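This is what each chain is made of:
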Amino acid sequence: MIAADLAPLAVVLPFLGAAVTFLLIRHSRAQRAVSITTLSVTLLIEVVMLLAAPAAGTHAVKLGGWEPPFGIVLVVDQFSALMLVVSSAVSLSVLIYAAGQGMADGDEDGPVSIFHPTYLILVAGVSNAFLTGDLFNLYVGFEILLTASYVLMTLGGTAPRIRAGVTYVVVSVVSSMLFLIAIAMIYGATGTVNMADLAVKLEDVDPATQMVLHLMLLVAFGIKAAVFPLSFWLPDSYPTAPAPVTAVFAGLLTKVGVYAMVRVETLLFPGDRINSLLMVVALLTMVVGILGALAQSEIKRLLSFTLVSHIGYMVFGLAISTRIGLGAAVYYVAHHITVQTSLFLVTGLIERRGGTANMDRLGGLARLSPLLGVLFFLPAMNLAGIPPFSGFLGKLGLIQAGVDLGTPLAYLLVAGGVATSLLTLLVMARVWNRAFWRSPADADDPDPILLASKADGTSIGTSRHVTGEDTGKFAGKDPVTLLPRTMTGPTIGLVVLGLALTVLAGPLFALSDDAAQEMLDRTPYIEAVLGPGADR
Amino acid sequence: MLTVLIAMFALALVAPVLFSRLGRSAFFVLAAAPAAAFVWLLVELPGVLAADQAAPNGAPGAPPSLVIPWIPSLQLELAFRLDALAAVLCILILGVGALVLFYCARYFKNDDPDVGAFGAQLLAFAAAMFGLVLADDLILMFIFWELTTILSYLLIGYSRHRLSARRSALQALIITTFGGLAMLVGLVMLGQEAGTYRLSEILADADALAARGTLVDVAIALVLVGAVTKSALVPFHFWLPAAMAAPTPVSAYLHAAAMVKAGVFLVARFAPGFSETAFWHPVIFVLGMATMLLGGWRALRQFDLKLVLAYGTVSQLGFLTMVVGLGGRDGAVAGLGLLLAHGFFKATLFLVVGIIDHQAGTRDLRVLSGVGATSPVLFAVALVAAGSMGGVPPLLGFVAKESVFEAFAHRAEDGAAGTLLLGGIVVGSVLTFAYSARFVWGAFALKHGGPRTAFPRVRTSFLLAPAVLAVASVVFGVWPGPLDALVQPYAALFASDDAAPHLALWHGFGLPLLLSGVTLAAGGALYLLRRPFEQFQERLPSMREAEVVYRSVIGVLDDVAVWITGRTQRGSLAFYLFVILATAVVTPLTALIIFDAPLPTSFRIAQSPAQVVVVGAIIVGIIAALRSNKRFMAVLMVGITGYGMAAVFALHGAPDLALTQMLVETIVLVAFVLALRSLPARLWNRAESRHRLLRAVLGIAFGGIMAVIAMSAMASRNAAPISLAYPQMAYDDGGGANAVNVLLVDIRAWDTFGEITVLALAATGIASLIFIRGRSDHRRRADGVEDGSVDRGQELLDARGRSGAALALAARFADVPRDPWLVAGRTLAPERRSIVFEVVTRLIFHTMIVLSIYLLVAGHNLPGGGFAGGLTAGIALAIRYLAGGRFELAEASPVSAGALLGAGLAIVSLTAAAPLLLGGAVLESYILEFWLPVFGDVKFVTSTIFDIGVYIIVVGLVLDVLRSLGSEIDERSEADDPVEEDAGADALVPPATEGVRP
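Residues numbered from 1 in each chain as written. Chains lettered and ligands numbered in written order. Predicted model: local features only at pLDDT ≥ 70, side-chain atom pairs only at ≥ 80, totals over all residues. Heavy atoms only, no water.

### Here's the deal with the overall build of chain B
Then, number 1: The helix and strand inventory of chain B stands at 37 helices and 4 strands.
Then, number 2: Taken over C-alpha atoms, the radius of gyration comes to 44 Å for chain B, far larger than the 30 Å a tight globule of 998 residues would show.
Then, number 3: Judged by the C-alpha coordinates and their principal axes, chain B covers about 125 × 70 × 60 Å.
Then, number 4: Across the 998 residues in chain B, those meeting the buried criterion constitute 57%.
Then, number 5: Looking at chain B alone, contacts between residues at least 24 apart form 78% of all its contacts between residues at least 6 apart.
Then, number 6: Element-wise, carbon and sulfur atoms account for 67% of the exposed surface of chain B, whose accessible area totals about 40200 Å².
Then, number 7: Both charge centroids of chain B, one from 67 positive and one from 71 negative side chains, sit 10 Å from each other. (Helix = DSSP H or I, 4+ residues; strand = E, 2+ residues; numbered from the N terminus. Rg over C-alpha atoms; globule rule 2.2 N^0.38 Å. Buried < 20%, exposed > 50% of the residue type's maximum accessible area, 1.4 Å probe, protein only. Contact = heavy atoms within 4.5 Å. Areas by Shrake-Rupley, 256 points an atom, 1.4 Å probe, with all protein chains shown as cover. Lys, Arg positive; Asp, Glu negative; His and termini not counted. Charge placed at Lys NZ, Arg CZ, Asp CG, Glu CD.)

### Remarks on the overall build of chain A
Then, number 1: A tally of regular secondary structure across chain A gives 21 helices and 4 strands.
Then, number 2: In terms of C-alpha radius of gyration, chain A reaches 23 Å, essentially the compact-globule figure of 24 Å for 536 residues.
Then, number 3: With the C-alpha coordinates aligned to their principal axes, the bounding extent of chain A is approximately 75 × 55 × 40 Å.
Then, number 4: Within chain A, the proportion of its 536 residues that are buried is 71%.
Then, number 5: Expressed as a percentage of contacts within chain A between residues at least 6 apart in sequence, the contacts between residues at least 24 apart total 80%.
Then, number 6: For chain A, the exposed surface amounts to about 13500 Å²; the carbon and sulfur share of it is 65%.

### Here we look at the domain arrangement of chain B
Then, number 1: Here chain B is partitioned into domain 1 (162-546), domain 2 (570-711) and domain 3 (738-980).
Then, number 2: For domain 1 of chain B versus domain 2 of chain B, the separation of C-alpha centres amounts to 74 Å. (Domains from an automatic or database assignment.)

### Thoughts on helix H2 (residues 28-56) of chain A
Then, number 1: Taking 1.5 Å per residue as the helical rise, H2(A) with its 29 residues ought to reach 42 Å, and the 40 Å between its terminal C-alpha atoms agrees with that figure.
Then, number 2: Looking one or two places after H2(A), you find Gly57(A), whose phi comes out positive at around 75 degrees. (Expected span 1.5 Å × (residues − 1).)

### Comments concerning unusual backbone geometry
Then, number 1: Look at the link from Pro68(A) to Pro69(A): it is a cis peptide, with omega at 5 degrees.
Then, number 2: Tracing the backbone through its elements, the reader meets Pro69(A) in the loop between strand S1 (59-62) and strand S2 (73-76).
Then, number 3: Look at the link from Pro393(B) to Pro394(B): it is a cis peptide, with omega at 5 degrees.
Then, number 4: Relative to the elements of secondary structure, Pro394(B) occurs in the loop between helix H17 (376-390) and helix H18 (396-412).
Then, number 5: In this model, Ala226(A) sits at a positive phi of 65 degrees, which is unusual for a non-glycine residue.
Then, number 6: Mapped onto the elements of the fold, Ala226(A) is located in the loop between helix H8 (207-225) and helix H9 (233-237).

### Here we look at the pairing of S2(A)
All names here are of chain A.
Then, number 1: Where burial is concerned, the two faces of S2 agree: the one with Val73 and Val75 and the one with Leu74 and Val76 are both buried.
Then, number 2: Of the pairings in the sheet, the one linking S1 to S2 comprises 4 bridges and is antiparallel in character. By the bridge assignment for S2, Ala60 is matched with Val75. (Pairing = 2+ DSSP bridges.)

### Let's talk about the pairing of strand S4 (residues 936-941) of chain B
The side chains of a regular strand alternate, residue by residue, between the two faces of the sheet.
Residues and elements named next belong to chain B.
Then, number 1: Judged from the 6 bridges that link them, strand S3 (residues 927-932) and S4 form a sheet pairing that is antiparallel. Residue pairing across strands places Glu929 opposite Lys939, the latter belonging to S4.
Then, number 2: Turn length for the S3-S4 hairpin, with the two strands adjacent in sequence and antiparallel, is 3 residues, and the turn residue Val934 shows positive phi of about 75 degrees.

### Some details on the interface of chain A and chain B
Then, number 1: Across the boundary between the two partners, chain A contributes 128 residues, which contact 121 residues of chain B.
Then, number 2: Taken together, the two surfaces of chain A and chain B that pack against each other cover about 10300 Å², and 76% of this comes from carbon and sulfur.
Then, number 3: Of all residues in chain A, the largest losses of buried area upon contact with chain B belong to Trp66(A), Phe70(A) and Trp437(A), amounting jointly to 9% of the total for that side.
Then, number 4: On inspection of chain A and its partner chain B, the count reaches 3 salt bridges.
Then, number 5: When the shortest N-O distance is used, the salt bridge between Arg430(A) and Asp558(B) registers 2.9 Å.
Then, number 6: When residues of the side of chain A that touches chain B are assigned to their parent elements, the largest contribution, 14 residues, is made by helix H6 (residues 159-190) of chain A. (Buried area = accessible area lost by both parts, 1.4 Å probe. Salt bridge = Lys/Arg side-chain N within 4 Å of Asp/Glu carboxyl O.)

### Re a nonpolar patch on the surface
All names here are of chain B.
Then, number 1: Residues Val471, Val474, Val475, Val478 and Trp479 make up a contiguous nonpolar surface patch of about 440 Å² in total accessible area.
Then, number 2: As for its position among the elements, Val474 is in helix H20 (residues 460-478).
Then, number 3: For Val474, a relative accessible area of 31% gives the class partly exposed. (Patch = residues over 30% accessible without salt bridge, like charges linked within 9 Å, V, L, I, M, F, W, Y side chains within 5 Å.)

### Re the packing of aromatic side chains
Then, number 1: Scanning all chains against the criterion turns up 54 aromatic pairs over all chains.
Then, number 2: Relative to Phe509(A), the ring of Tyr331(A) lies with its centre 4.3 Å away and its plane at 25 degrees, an arrangement referred to as stacked. Within this pair, whereas Tyr331(A) is found in helix H13 (residues 323-354), its partner Phe509(A) is found in helix H20 (residues 505-521), the two being separated by 178 residues in sequence. Comparing Tyr331(A) with Phe509(A), the two get one shared label, buried.
Then, number 3: One aromatic cluster is present, formed by Phe19(B), Phe27(B), Tyr103(B), Tyr107(B), Phe108(B), Phe118(B), Tyr158(B) and Phe462(B) through successive ring pairs.
Then, number 4: Directly above the ring of Tyr313(A) sits Lys395(A), whose terminal nitrogen or CZ lies 4.9 Å from the centroid. (Phe/Tyr/Trp six-rings, centres within 6.5 Å; stacked < 30°, edge-to-face > 60°. Lys NZ or Arg CZ within 6 Å of the ring centre and 35° of its normal.)

### Points about the nonpolar core
Then, number 1: By size, the foremost hydrophobic cluster in this structure holds 519 residues, and its most contacted members are Tyr253(B) and Phe270(B).
Then, number 2: Tyr253(B) has contacts with Ile93(B), Val96(B), Gly97(B), Val100(B), Leu122(B), Phe125(B), Ala126(B), Ala258(B) and Met259(B), leaving out every residue within four places of it along the chain. (Core = buried A, V, L, I, M, F, W, Y, C linked by side-chain atoms within 4.5 Å.)

### Quick notes on the pattern of salt bridges
Residue and element names in this part refer to chain B.
Then, number 1: Here the structure, examined in full by the defined rule, presents 26 salt bridges over all chains.
Then, number 2: A salt bridge links Arg363 to Asp304, with the nearest nitrogen and oxygen atoms 3.0 Å apart. Residue Arg363 is found in the loop between helix H15 (329-360) and helix H16 (371-374), and its partner Asp304 is found in the loop between helix H13 (280-299) and helix H14 (305-324); the two are separated by 59 residues along the sequence.
Then, number 3: Overall, the relative accessible area of 22% leaves Arg363 in the partly exposed class.

### What about the side chain of Thr944(B)?
Then, number 1: By secondary structure assignment, the location of Thr944(B) is in helix H37 (residues 943-976).
Then, number 2: Looking at Thr944(B), its side chain comes within polar contact range of the main-chain oxygen of Val941(B), at 2.8 Å. (Polar contact = N/O pair within 3.5 Å; in protein donor to acceptor, adjacent residues only side chain to side chain.)

### What to know about the environment of Leu122(B)
All names here are of chain B.
Then, number 1: Following the sequence through the fold, Leu122 ends up in helix H4 (residues 115-134).
Then, number 2: A C-alpha to C-alpha distance of 9.0 Å links Leu122 and Tyr253, two positions 131 residues apart in sequence.
Then, number 3: Ignoring any residue separated from it by four or fewer positions in sequence, one finds Leu122 in contact with Val100, Leu101, Cys104, Leu155, Val250, Tyr253 and Leu254.

### Section: the environment of Leu217(A)
Residue and element names in this part refer to chain A.
Then, number 1: Tracing the sequence through the fold places Leu217 in helix H8.
Then, number 2: With 98 residues separating them along the chain, Leu217 and Val315 place their C-alpha atoms 15 Å apart.
Then, number 3: When near neighbours in sequence (up to four residues on either side) are disregarded, Leu217 contacts Phe179, Ala182, Ile186, Val264, Leu268 and Phe269.

### Description of the packing of H18(B) against helix H19 (residues 416-444) of chain B
Residue and element names in this part refer to chain B.
Then, number 1: Close contact between H18 and H19 brings their axes to 7 Å; oriented N to C, the two are set at 155 degrees. Judged by the inter-axis angle, H18 sits roughly antiparallel to H19. The handedness of the crossing between H18 and H19 is left-handed. Residue-level contacts link Lys401, Phe405, Phe408, Ala409, Arg411 and Ala412 of H18 to Gly418, Thr419, Leu421, Leu422, Ile425, Val426, Ser429 and Thr432 of H19.
Then, number 2: Looking at the contact of H18 with H19 residue by residue, the classes come out as 8 nonpolar, 4 polar and 2 charged. (Axes fitted to C-alpha atoms, helices over the stretch in contact; angles between N-to-C directions. Parallel < 35°, antiparallel > 145°, perpendicular 65-115°, else oblique. Left-handed = near helix turned anticlockwise from the far one by under 90°. Nonpolar A, V, L, I, M, F, W, Y, C, P; charged D, E, K, R; others polar.)

The structure is reproduced here in structure tokens:
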């Protein structure tokens, strides 16, 4: 038995944790302990798998002992192992943050009671999507994470959340339907849903049909990954959810779509038939997305647009689809999960400290809480691609790949990528100028919390008595800790993880590169599942 | 090298702590870092200068270097190399850096805010500049380059409460990053083309590279864009004067001595080897000259001393870029000489302005008066520095300018372009002298009519830094030997037969000396005529400022952003869906047409007439659902399509699917009906007809294209489907005759595992929307509930009306004193009860539960299974609820829904994981055969346990739905009328006033 054989536990353990937290529905403290323990153990197992992955090569786990292509397999290769570790690390941080928020606000009962099982199921769904080697099971993985996300998105049932939830649910259901239709068509053409088996059999399918099936899958995944023009729903739905929920959605869900696109492009439909199309899509996603961010003043909404925009970078790498390009895309996915999530968590802190996430109404945060300043500035610069942070390194790889390709379209894409980087910097620096630098009194309509705290000059970690007229939100829950350690702690952890991506960039990039090479080769994957010699 | 670099960054990291302990004196500690590094540099210097500058790293006689691999995949290395050019820059960076930090200790007050962060940023900036010049890797150099940009942003924004400071900081950031990114692309192009990112190797190979043509030309041009923006050349010059919003030490260091020199450094770095590429000289000369003249011209118009210097710096940067970019040994010597001279005198002058501002509280040269007399030492220091700037002998500035004139005089011999350049440089130098003089006059002269400016005594420690720099301007002017030795090794890099000229105070008689004389004379005249000249400047039409262009570009960008976002983010779900479905139609359709996909040659419409009937019913159902204007009707019609699908399955010989589909459809209908009670009966207004047509077209197109694709996909099938093997596998290995069930609970149990979790979640999700304040999972027993108290309606209705009479009648018949049939039927209001329904329920409930268990157990071999069984039990519960109300439901379910969901999920998860402990695969099943009394030989497949989990979860799901959509909404609507009990909880659900009463 090797480490990769533990792969099913990445799904089973969170499910088990969910079962236990269901049973403990009225004991929020016990729920917290169970879910944090579960995710920690899961993360540990995944780290072991990742460390073993380069040596072990691609490995398939046959569930229930059924032989592929009849049963379902989980496939552990370097890409999936990396995604598992990054996503679990991020979701663990967010979980601790959310638990901390619950503790700080004294929310011992309430909708939070179903938060834990739902959250664990979400994580299990994401892990399942990363691991599965079966196209239909990928659909199941999507359903798991989507259903969990429906519940999380409408947590608390306020009117704006219900409204955003309707957009989100309907679009997601449509994308799932398109995916399901595509699976049916693919089964119709090949008679199988095992991905390795498909990789072999699809080659013999009529090229035109291949193209149709290929595009259908891409449209389905394109909605989930939020690429242009299938991305409009995202900024209208994500920002209304509670901060930790938005954070984990932003970090993980779209990346699962990207992950699926990568597998489709490399395993199922290799070759460069639609690379030019992907390049155009990448360019439009980047540019239109970041222009959207430029037009926002609400930080959460603004971040949703940068989220969409930076999906374009991943599609960029995928479209170039050389070893270096794909490797950079893999690295960029890991980077973006971490950084985008950190930014949303920090925005949650901004909302607590400043009373609002609208930059028109914010000011002076850098002086109110230098820690908050650092926590925002580092990931913001990271996102904007300022060296030596990981965002820069990923973009560097993409630019190298684009220059290597050297076609006019590739250069256009490089130019678009660079312009997006500059605009991201502009957007982030504007947030900094307004929310962090200017004095609170200069804001259009400064939030009472902001002005009140200027007077008594509180700093990090202190409690403050919030009176009824201070703000409705925290009324009756005093004293409220504005920046509790339980919330800043995981945020710091995540920001540090983002920095670690730079420090460990050498081995990580090597891993991404190898992962890209494995995927481009296809043989390791196919043979791991179907046995040696299966890839003719 | 690396130690020095790391030490500086590390000290910057802990700087805030130092400041909180020591106050402003911590600047002394910070200053020690670059000072120590400076000493280290002096120790290394002889070796560096003696080295062969062109030798590859590691070769004997090469300059000191260090390479640490970082990211091999990106060919990115931590490569450093301390060659002569780097050393020259290091002298400015470390020397001036130490002095400026030292000066800060007096410039700032102890109670100034954020000094800790400021000190840290300033020191980190020094470290970044140090790294920038040492980097021997293109990308590593870019990394430090951008770090200096970011730190400059933070430093300019120190006075964050001022809008101008914030705006200038952002402007500088965007402009320089714009150039930086262009440069990055250029560097990558260069690196990829050269096959290496090692700067020293690229330069060694420069001639071959430069000969490759357009790609390298473009790459170098892009790199120059970086230099141009960083060194504030036209048309990007405007950020520099605006950046004067920074504290004066920052201006002295970043915007005079160090950061803006980065662009010049870059030009100097690439000049040996790439100065002959196509875009080099046009860019350098045109922009450099324009900058020099514009800066000088503008400097003469400023009234703020700092802005005089700022425009002067702009001018000098243009000048420097031209000289350094000239190519050739004479340009190299003159350029580096001027670079050092400028670093010394400009930093001095800025520091002097800082002192004046600090002591006098103003920098306006129209206000300042008599400072020279009050503070003679300060005056002397400024005079020396300004003299050096103006090119007055015997100061360093003069020495450098002499060699510049010599170098360009040389070029002037080649043709008209050279002569033009020389002329331009002389004009620029005249302007320089004039504004230098104006600066001294403005800062120190006693002006007529104004009072003497109050000027406290300047402390010696405050004055020390500028004084040291001024002394350097004098000493090296008189004795330029050491500097000459410093710049010669770099000049030797240029391939040339001519011997490099030397920096010297006395060049002998010749054109350069004449030009120097002309400069001084004309500059002096211009200074004396400053009044008429100012008037002349004012009368000229003002040019359109580049800054205005920048602003309008950003403005246009914002407008475009708003426009595009407005077009795409409409906030309308219908629009988003339209785009998505249109994409889903157009892309495969295009592929179908372009690539000519195969279509089946012959096909049958239907296999049997029954299919036609069923499909016809489905279509009618769909159309009716679309046309219906009542919610309930629409749901019912959608239900018809579902039952139709069940029929299709049945006709295809799939009883399991048909059974499950029927049950699902039924339970969904119940849920819908319960939920619809709290919504208005009518649907909202329909879309306008134009949109309806468009949507109809899209809908039909989508359906049509999917049908075509399905046919095409089937037509291209070329392998037998794996499903053909399933029945045999199910029987042999799965131990069941029902292939569908074995597939669900064994072969593809992983799918089922996921899907039932989805079910559990769906139940939770619904409940969470209804129970906003949290699940209350304890059951409410019927014991304490009064008879007939639930859902009484007669108070609400007119007792004499028709409906009132009907209710009264119903109540009379239903008013049974006890409850012979259902446990909690008595709790319902009499008019809500139906005896017949209660009796039927009593009769079929247990039968259905037994049936459900049968389906569960028999499922492995016969139609059925945990899912169908669970649904059957769920429907039984639904019937109990409909007949006996919410207390009946509570009595019927001994365990809470949450516990059922949890327990079911736990059973399933444990079944999945248990085989791991036995050394098997996750979800592996085992066939156990044993003998039991009564049953005899039993063949038990462990996957049945999994199926039991499924059963429990499905029951839990139905229970949860009934509890939330049923019981809870009942309770709410009762609570709403007549007494408002719980107002807050009903924000979500509007009062249920109409709809169907179960």
